[in-house]
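Report on the structure
Here's the letter readout for the chains.
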Amino acid sequence: MQGIPAGNGYGPPGRIRAIPGIVFGPGAGPDSFDELGVESRGSMKISKEQEHEIQYEEKKTFRRRAMDYLTITVASAIYAVAVSLFLDPNALAPGGVTGISIILSKLTSLETGTLMFAVNIPILLLGMWKFGWKFILSTLYCTAVSSFFTNLLAPFGALTRDPLLAALAGGSLMAVGLGLIFKAGATSGGTDIIIKLMRLKFPHLKTGALFLMTDTVIVAASAFVFQNIDIALYAGLVVVVDSFLIDVVLYGRDGAKMLFIISDAPETMVKRFLEELDIGVTYLSGSGAYSGKDKDVILCVVKKQLLPKAEEIVRQEDPGAFMIITSATEIYGEGYKNIFSQKL
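Attention here is on the structure that accompanies the text. These numbers were taken from a predicted model, which means no experiment stands behind them.

1. Some points on the packing of helix H4 (residues 96-108) against helix H5 (residues 112-131)
Interhelical geometry of H4 versus H5 gives an angle of 125° and a closest axis separation of 8 Å. In terms of orientation, H4 lies oblique with respect to H5. Read as a crossing pair, H4 and H5 show a hand that is right-handed. Contacts between H4 and H5 involve Val-97, Thr-98, Ser-101, Ile-102, Leu-104, Ser-105 and Thr-108 from the first element and Thr-112, Leu-115, Met-116, Val-119, Asn-120 and Ile-123 from the second. Taken together, the residues that form the contact of H4 with H5 break down as 7 nonpolar, 6 polar and no charged.

Written out as structure tokens, the structure is:
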């Protein structure tokens, strides 16, 4: 890869490397990927990615850590509002330890918050053994605070008895709370830790698919326990809303378009991209199979709203240009997702 350093369209130019469906940002060249071996930490082999995540957590300053715990406290309270005022009183068990606790609460009459903490204890101990106490401490705090607020708010009862409104409001608040918790470097415990452990052992399994499987089992169990398929379907709606919105909270709407352009006038086109769109561009070396001529292939990533302008520039500078536009659904690097600290 040569020529102009590539940027991400959101911030200062860096160098990017394209992989089908994924764009990695600064530092993600071939050399860095060769480094992604596995190392042993405790009794489990972990990847360099997880090692970087742990090192990032250990290097936080006191002020940053204090801000993280403040964020976790507020986020845990938001999560508790979702559980105590919308989901639990309407018997909506949306998966995870929270869903299990809501089901057990109806069966045993114990407080949901207390059950959330009790069910999490063995899972937290497992996480502490695998990741170390420093890494799991914030999650332990998050679990304790969310359980406390859940019990504290429970006496207020449901804010709505409409299961659809409860599902939408509860799912949205859960997503906001969990998103902020993840941003602060913690998890809510429970299946989050189990799935994190599973991904260390089986990195080819997608996080979303693992969450979907566990949540589906718990939602299906709620249908049998409550003898009400409608309630289970509304609980499933909570899972859908939560899954969609949590990505928005964590990453924003970062879907973008990746352009490959083969042109006889690449210099003027690239100059306009840099000046008018304020995006980074990379030249790839290409060779025509039929003509045998060497050409520079333009590679860039643009926000969806900038795509019409980019197409207009290509049309004006070289109407005969060959252009491929594809969706870039996962974008890592400066201005986008952090490859180490934002992957669950």
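2. Some points on H4
Look at H4: 18 Å from first C-alpha to last across 13 residues, which is about the 18 Å you get at 1.5 Å a residue. Residues of H4 that are buried: Gly-96, Val-97, Thr-98, Gly-99, Ser-101, Ile-102, Ile-103 and Ser-105. A positive backbone phi angle near 70° is found at Ser-109, which sits one or two residues after H4.

3. A word on the packing of helix H3 (residues 62-87) against helix H7 (residues 163-183)
In contact at an axis separation of 8 Å, H3 and H7 are set at 165° when each is read in the N-to-C sense. The angle between H3 and H7 places the two elements in the roughly antiparallel class. Where H3 crosses over H7, the handedness of that crossing is left-handed. Between H3 and H7, the contacting residues are Thr-71, Ala-75, Ser-76, Ile-78, Tyr-79, Val-81, Ala-82, Phe-86 and Leu-87 on the first element and Ala-166, Ala-169, Gly-170, Leu-173, Met-174, Val-176, Gly-177, Leu-178, Leu-180 and Ile-181 on the second.

4. Topic: a nonpolar patch on the surface
On the surface, Phe-117, Ile-121, Leu-125, Met-128, Trp-133, Leu-137 and Leu-140 cluster together into a nonpolar patch covering about 620 Å² of accessible area. Going through the elements one at a time, H5 and helix H6 (133-153) are the ones with two or more residues in the nonpolar patch. Ranked by residue count, the leading element in the nonpolar patch is H5, at 4 residues. By the element assignment, Leu-137 lies in helix H6.

5. Let's talk about the sheet that holds strand S8 (residues 322-328)
The strands making up a sheet associate through backbone hydrogen bonding, with each pair oriented either parallel or antiparallel. What the 4 strands build is an open sheet, ordered S6-S7-S5-S8; its pairing is antiparallel. Looking at strand neighbours, the two that pair on one side only are strand S6 (282-287) and S8, the edges of this open sheet. Each strand of the sheet is rotated relative to its neighbour by a mean of 25°, with strand direction disregarded. In this sheet, S8 lies alongside strand S5 (residues 256-262) in antiparallel orientation, the contact comprising 7 bridges. The residue of S8 that forms the bridge with Ile-261 is Met-323. Against the sheet, helix H11 (residues 266-277) engages S5, S6 and strand S7 (294-303), with an angle of about 15° to S7.

6. Section: the pattern of salt bridges
Using the criterion set out here, one finds 6 salt bridges in the structure. For the salt bridge of Asp-68 with Arg-64, the shortest nitrogen-to-oxygen distance reads 3.5 Å. On the criterion of helical spacing, the pair formed by Asp-68 and Arg-64 is a turn pair, its members being 4 residues apart in helix H3. Taking relative accessible area as the criterion, Asp-68 reaches 8% and is therefore assigned buried. Assessed through its relative accessible area of 36%, Arg-64 is described here as partly exposed. A salt bridge links Arg-272 to Glu-317, with the shortest nitrogen-to-oxygen separation between them at 3.0 Å.

Each value, and the rule that gives it
Residues numbered from 1 in each chain as written. Predicted model: local features only at pLDDT ≥ 70, side-chain atom pairs only at ≥ 80, totals over all residues. Heavy atoms only, no water. Axes fitted to C-alpha atoms, helices over the stretch in contact; angles between N-to-C directions. Helix = DSSP H or I, 4+ residues; strand = E, 2+ residues; numbered from the N terminus. Parallel < 35°, antiparallel > 145°, perpendicular 65-115°, else oblique. Left-handed = near helix turned anticlockwise from the far one by under 90°. Contact = heavy atoms within 4.5 Å. Nonpolar A, V, L, I, M, F, W, Y, C, P; charged D, E, K, R; others polar. Expected span 1.5 Å × (residues − 1). Buried < 20%, exposed > 50% of the residue type's maximum accessible area, 1.4 Å probe, protein only. Patch = residues over 30% accessible without salt bridge, like charges linked within 9 Å, V, L, I, M, F, W, Y side chains within 5 Å. Areas by Shrake-Rupley, 256 points an atom, 1.4 Å probe, with all protein chains shown as cover. Salt bridge = Lys/Arg side-chain N within 4 Å of Asp/Glu carboxyl O. Pairing = 2+ DSSP bridges.

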